[in-house]
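Here are the chains, one letter per residue:
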Amino acid sequence: MLEAFYATERGSLEDATINGDFDLHQDLVWIDLIAPSQEEQQWIMDAYEQNLPTLKSLEDISSSARFYRDDDGILHISTYFLTKNKNYQVEEETDDQSSILATVQTVAFILHKERLFTLRGEKLVAFRAFRARARRNDYEIDYKDPTWILLGLLEAKLDELADILEDVHKDLEKYSTEVLNNRHREQILDLDDMITRLAQLEDMLGKAQLCLIDLRRVLTFLSRPRALGSHIYDADIRELSEDVRSLVEHDAFLFQKVRFLLDTTSGFINTEQNDTIRRFSILPSMLAPPMLVASVYGMNTEVLPFAHGSTSFIVVSFIIVAFFIGPLIYFRWKKWI
């Protein structure tokens, strides 16, 4: 899939209809490729003489080659984007992908002086949000300069990460209420399921931290004097860097909260298991005295009291029941059962 955009007179972005390489004219400032076909890649080569990396190469790219400027002065950046899985399901009978709460995708940016190329494997919420913002152009940015498009996409990525962390915070507040409420925990809550949900949130926080650290590296690279070739972008880069720092701290706080809930939930599970084992260990001690009496009166001897007579069975049964009820009352008084 190939989408292209041009800048209007007031600087906002508008879609351009692309039916072939003949529609890829020089006025286009942003070419967005989503899992492009061989034909679409050839269109880019014919129109702009620009080779594009493959999606597989984006996943295998080394960290040292993620941010650089080539001999022609073209800036290459590969960065991670976090997206929630729309097909996420909590049922057991699901495939591997549908059981993952969020996934990380690599997006390639190729920045020329005249235009920006982006390459990704799937549609992303951050790109859709940026396109809507660029069409409105609320901040009156001149998107004829493709560098502002690059910075706008990085800002949209940061906003998406902030929204994800906010959703995680809301989920953790709800889970805290469920775990720490004794009545809800004992009568309704499935602690094993809670462990699974908390582990999934921890996994998503780890992926968010990966994206934030990667974005911080991108901004550090762009803040270098010769990276973008101008100081007009420095204020925006510093502002984005400060936002990244605050989100990294917030992510660390959420990590601690998840670990607290995981430890608390595991503690409640251990307590329930200990209670179950204790009840099973109490049962033999309750049954031992009546079993002793029954075994004694089951012996083949004539000298036992109450061994004969019409009331012998009733008297012995009463003794057995008394020996059983006595420990039961004691353990209930101690609140051990």
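Notes on the structure in this doc start here.

Calculation notes
Residues numbered from 1 in each chain as written. Predicted model: local features only at pLDDT ≥ 70, side-chain atom pairs only at ≥ 80, totals over all residues. Heavy atoms only, no water. Buried < 20%, exposed > 50% of the residue type's maximum accessible area, 1.4 Å probe, protein only. Helix = DSSP H or I, 4+ residues; strand = E, 2+ residues; numbered from the N terminus. Pairing = 2+ DSSP bridges. Polar contact = N/O pair within 3.5 Å; in protein donor to acceptor, adjacent residues only side chain to side chain. Contact = heavy atoms within 4.5 Å. Axes fitted to C-alpha atoms, helices over the stretch in contact; angles between N-to-C directions. Patch = residues over 30% accessible without salt bridge, like charges linked within 9 Å, V, L, I, M, F, W, Y side chains within 5 Å. Areas by Shrake-Rupley, 256 points an atom, 1.4 Å probe, with all protein chains shown as cover. Salt bridge = Lys/Arg side-chain N within 4 Å of Asp/Glu carboxyl O. Parallel < 35°, antiparallel > 145°, perpendicular 65-115°, else oblique. Left-handed = near helix turned anticlockwise from the far one by under 90°.

What follows deals with the pairing of strand β1 (residues 2-7). Most of β1 is tucked away: five of the six residues are buried. As judged from the five bridges shared by β1 and strand β3 (residues 28-34), these two strands associate in the antiparallel manner. Among the inter-strand pairings, Ala 4 is bridged to a residue of β3, identified as Ile 31. Two elements, β1 and strand β2 (residues 13-16), share four bridges in a ladder whose sense is antiparallel. If you follow Tyr 6 over to β2, its bridge partner there is Glu 14.

Relative to the helices and strands, Thr 264 is located in helix α7 (residues 234-297). The class for Thr 264 is buried, based on a relative accessible area of 17%. Polar contacts involving the side chain of Thr 264 include one to the main-chain carbonyl oxygen of Phe 260, which spans 2.7 Å. For Thr 264, the residues in contact, after removing those within four places along its chain, are Val 179 and Leu 180.

Here the phi dihedral of Ala 35 falls at roughly 45 degrees; this positive angle occurs in a residue that is not glycine. By the element assignment, Ala 35 lies in the loop between β3 and α1 (38-48). One non-glycine residue with positive phi stands out, namely Glu 49, at about 55 degrees. With respect to the helices, strands and loops of the structure, Glu 49 is situated in the loop between α1 and α2 (55-60).

In spatial order, the strands read β2-β1-β3-β7-β6-β5-β4; together these seven strands make up an open sheet with mixed pairing. Looking along the sheet, the strands with just one partner apiece sit at the ends: β2 and β4 (67-69). Averaged over all pairs of adjacent strands, the angle between their axes in this sheet comes to 25 degrees, without regard to strand direction. Of the pairings in the sheet, the one linking β4 to strand β5 (residues 75-84) comprises three bridges and is antiparallel in character. When the bridges of β5 are listed, Phe 67 appears paired with Ile 77. Taken strand by strand, α1 contacts β1, β3 and β7 (116-120), and its axis lies near 160 degrees from that of β3. Strand contacts of helix α6 (residues 191-222): β4, β5 and β6 (102-111), with the helix running at about 155 degrees to β5, the strand carrying the most contacts.

As a further point, take a nonpolar patch on the surface. A contiguous nonpolar surface patch, about 260 Å² in accessible area, is contributed by Val 321, Ile 325 and Ile 329. Here Ile 329 shows up in helix α8 (residues 312-333).

For the pair helix α3 (residues 125-136) and helix α4 (residues 146-180), the least separation of the axes is 8 Å and the interaxial angle reads 125 degrees. By the angle between their directions, the pair α3 and α4 is classed as oblique. The hand of the α3/α4 crossing is right-handed. Residues Val 125, Ala 126, Phe 127, Phe 130 and Arg 133 of α3 form the contact with α4, whose own contacting residues are Ile 149, Gly 152, Leu 153, Glu 155, Ala 156, Lys 157, Asp 159 and Glu 160.

The quantities given are spatial measurements derived from coordinates; they are silent on function.
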